[in-house]
Amino acid sequence: MQTIDFKDFARIDLRVGTIKEVQRFDNARKPSYKIWVNLGEEMGLKKSSAQLTSVYNPEELIGQQVVCVCNLKPRQIADFMSEILITGFDTKEGVVITTVERPVPDGSRLY
């Protein structure tokens, strides 16, 4: 594994946000959802495409706080612009979202 300096890690803007809306993403090549995440007053509502369909149904994602990478370049996925990356861990069942162990204000930064 390659190591990085702390200054490299500090360049990654990781923030928590609350999932507000989830729609099936039928135009994506792999089964995915279109997800809207509230990242607080500073960042507002951001969109993400996420391959979470094998682990979660849309209803159980609404209201979940998730950890997001917020400073990646936006990425066009089919007819949808993904603005953030919702982080998660790959498991045998599929991707499990990264969340917080208790509620924190939307937009809070991970250090």
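Given the structure is predicted, the values throughout are model-derived calculations rather than measurements. (Residues numbered from 1 in each chain as written. Predicted model: local features only at pLDDT ≥ 70, side-chain atom pairs only at ≥ 80, totals over all residues. Heavy atoms only, no water.)

What am I meant to see in the sheet that holds strand S1 (residues 14-24) here?
Strands in a sheet are paired, the pairing made by backbone hydrogen bonds, and the direction either parallel or antiparallel. Here five strands make up an open sheet; going across it, the order is S3-S2-S1-S4-S7 and the pairing antiparallel. Where the open sheet ends on each side, the last strands, each with one partner, are strand S3 (45-50) and strand S7 (85-86). Two strands pair when backbone bridges link them, and S1 and strand S2 (residues 33-38) are joined in this way by six bridges, in the antiparallel orientation. By the bridge assignment for S2, Arg-24 is matched with Tyr-33. (Pairing = 2+ DSSP bridges. Helix = DSSP H or I, 4+ residues; strand = E, 2+ residues; numbered from the N terminus.)

Which parts of the structure should I look at to understand the packing of aromatic side chains?
The relation between two aromatic rings is expressed through the spacing of the ring centres and the mutual angle of the planes. A complete count under the given rule lists three aromatic pairs for this structure. When the ring of Phe-6 is compared with that of Phe-9, the centres are 5.9 Å apart and the planes differ by 50 degrees; the resulting orientation is tilted. Remark: Phe-9 and Phe-6 occur in helix H1 (residues 6-10); sequence separation between them is three residues, near one turn of the helix. Look at Phe-6 and you get exposed, because its relative accessible area is 62%. Joined through ring pairs, the aromatic side chains of Phe-25, Trp-36 and Phe-80 make up one cluster. A cation over a ring is seen here: Lys-47 above Phe-80, with NZ or CZ 5.2 Å from the ring centre. (Phe/Tyr/Trp six-rings, centres within 6.5 Å; stacked < 30°, edge-to-face > 60°. Buried < 20%, exposed > 50% of the residue type's maximum accessible area, 1.4 Å probe, protein only. Lys NZ or Arg CZ within 6 Å of the ring centre and 35° of its normal.)

Don't take any of this as a statement about function, it's just geometry.
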